[in-house]
Amino acid sequence: MAQKIRAIANARAAYAFEKVKGFVKKAEKEPQKQREYRSYLKKMPAMVQVNGLGETLAFYYAKGGAYREIYEQIAEWIQKKMPFLIDEGNKGDKKDFIEILVNMTSPEYRLVTMEVLALLNWMHRFAEGMIDVKESAQQEQ
C-alpha cells in the first residue's frame with residue numbers, strides 16, 4: 001500500500017514538473033507572464049480553502065491567460081487520473097471540467113479537492129524553483 005501511495009505521489013510530482021516546465025519554456029520571453037503564473041499558483045490553495053474548489057476553478061476558468069492555463073492543467077490531471085469520477089454518459093460530450101465538477105457528489109468533490117491541493121503543492125514548489133522573481137523583475141527594467 002505504501003508503494004502505491006508513493007507511486008501516486010511520484011506521478012503527481014512528475015506531472016506538475018512537466019506542466020510547470022512547459023509553461024516556463026512557452027513563456028520564456030515573457031517574464032511578467034511567468035511571475036503571474038507563479039503568483040496564481042501560490043494563491044490558489046488559499047482561494048480553494050476560503051471559497052471552495054468549484055468557485056476557485058470557475059474564477060480561473062473565466063479569467064483567461066495564466067489563470068486559464070492553470071485551470072487546464074488541473075482539469076487534465078483530474079480527468080487523466082480520476083476517470084472514474086466522470087460519468088460514463090459524459091465522456092462522449094467533452095464537457096468542460098468545471099461542468100463535471102459541479103455535478104459531482106459531495107464525497108467525489110472532496111476527493112477531487114484534496115487531489116487538486118496536493119497537485120498545487122507540487123506545482124507551486126516547481127514554479128518557485130524555475131521562476132526567479134528577482135531576476136525576472138531586473139530583466140524588465
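Use the structure listed above.
Anyway, here's the lowdown on the structure attached to this text. (Residues numbered from 1 in each chain as written. Predicted model: local features only at pLDDT ≥ 70, side-chain atom pairs only at ≥ 80, totals over all residues. Heavy atoms only, no water.)

## Some words on the overall build of the protein
Cut-off, in case you're wondering: Each helix is a run of H or I in the DSSP string that is no shorter than four residues. Each strand is a run of E no shorter than two, and both are numbered from the N terminus. For every residue, the accessible area (1.4 Å probe, protein chains only) is compared with the maximum for its type, and the residue is labelled buried under 20%, exposed over 50%, or partly exposed between those bounds. Residues count as neighbours in contact if any of their non-hydrogen atoms are within 4.5 Å of one another. Here the Shrake-Rupley method, with its probe set to 1.4 Å, supplies the accessible areas, and only the displayed protein chains count as covering residues.
Secondary structure summary: the protein contains seven helices and zero strands in total. Order of helices (α) and strands (β) in the protein, N terminus to C terminus: α-α-α-α-α-α-α. Every one of the 141 residues in the protein was classed for burial, and the buried ones make up 38%. The contacts in the protein between residues at least 6 apart in sequence include a share of 72% that link residues at least 24 apart. Of the roughly 8500 Å² of accessible surface on the protein, 52% is carried by carbon and sulfur atoms.

## Focus on helix 2 (residues 31–51)
Basically, it comes down to this: One less than the residue count of a helix, multiplied by 1.5 Å, gives the span that helix is expected to have. The angle separating two fitted axes, one through the seven residues that finish at a residue and one through the seven that start at it, defines the bend at that residue.
The end-to-end C-alpha distance of helix 2 is 29 Å, a good match for the 30 Å that 21 residues give at a rise of 1.5 Å each. Along its length, helix 2 shows its largest kink, about 35 degrees, at M44, and proline P45 lies within four residues downstream of that point. Listed as buried for helix 2 are P31, Q34, R35, Y37, R38, Y40, L41, M44 and V48. Backbone geometry just after helix 2 places G52 at a positive phi near 100 degrees.

## Regarding the packing of helix 1 (residues 2–26) against helix 2
For clarity, the threshold we go by: The angle between two axes is taken between their N-to-C directions and runs from 0 to 180 degrees, where each axis is a line fitted to C-alpha atoms and a helix contributes only its stretch in contact. Roughly parallel means an angle under 35 degrees; roughly antiparallel means over 145; roughly perpendicular covers 65 to 115; every other angle is labelled oblique. Two helices crossing with the near one rotated counterclockwise from the far one by less than a right angle form a left-handed crossing, whereas a clockwise rotation gives a right-handed crossing. All residues other than Ala, Val, Leu, Ile, Met, Phe, Trp, Tyr, Cys, Pro, Asp, Glu, Lys and Arg, Gly among them, are scored as polar; the first ten of these are nonpolar and the last four charged.
In contact at an axis separation of 9 Å, helix 1 and helix 2 are set at 155 degrees when each is read in the N-to-C sense. Here helix 2 runs roughly antiparallel to helix 1, going by the angle between their axes. The handedness of the crossing between helix 1 and helix 2 comes out as right-handed. Between helix 1, through K19, V20, F23 and V24, and helix 2, the contact on the second element is made entirely by K33, Q34, Y37 and L41. Counted by class, the contact of helix 1 with helix 2 contains five nonpolar, one polar and two charged residues.

## Let's talk about helix 6 (residues 106–130)
Every α-helical turn comprises 3.6 residues, leaving residues that sit three or four positions apart pointing alike. Helix length check: helix 6, at 25 residues, gives a terminal C-alpha distance of 36 Å against a target of 36 Å (1.5 Å per residue), a fit within 8%. Among all positions of helix 6, only V112, T113, E115, V116, L119, L120, M123, H124 and A127 are buried. Residues of helix 6 that are buried sit in contact with helix 1, helix 2, helix 3 (53–63), helix 4 (65–81) and helix 5 (97–102).

## Details of the nonpolar core
Rule in force here: Residues grouped as a nonpolar core are buried Ala, Val, Leu, Ile, Met, Phe, Trp, Tyr and Cys residues, joined through side-chain atoms within 4.5 Å.
Among the nonpolar cores identified, the biggest contains 36 residues, and Y37, L57, I74 and V112 are the most heavily contacted of them. Secondary-structure elements contributing two or more residues to this core are helix 1, helix 2, helix 3, helix 4, helix 5 and helix 6. Among the elements that take part in this core, helix 4 stands out by supplying eight residues, more than any other.

## Overview of the packing of aromatic side chains
Selection criterion: Each Phe, Tyr or Trp ring, with Trp reduced to its six-membered ring, pairs with another whose centre is within 6.5 Å; inter-plane angles below 30 degrees give stacked pairs, above 60 give edge-to-face pairs, and intermediate values give tilted ones. Charge over a ring is defined by NZ of Lys or CZ of Arg lying within 6 Å of the ring centre and within 35 degrees of the ring normal.
The tally for this structure, following the rule as stated, stands at nine aromatic pairs. Judged by centre distance (5.6 Å) and plane angle (25 degrees), the ring pair of W122 and F126 falls under stacked. Highlighted residues: W122 and F126, both in helix 6, separated by four residues, approximately one helical turn. Residue classification places W122 among the partly exposed positions, given a relative accessible area of 25%. What links up through ring pairs into an aromatic cluster is the set Y40, F59, Y60 and Y67. Here the basic side chain of R68 rests over the ring of Y61, its NZ or CZ set 3.9 Å away from the ring centre.

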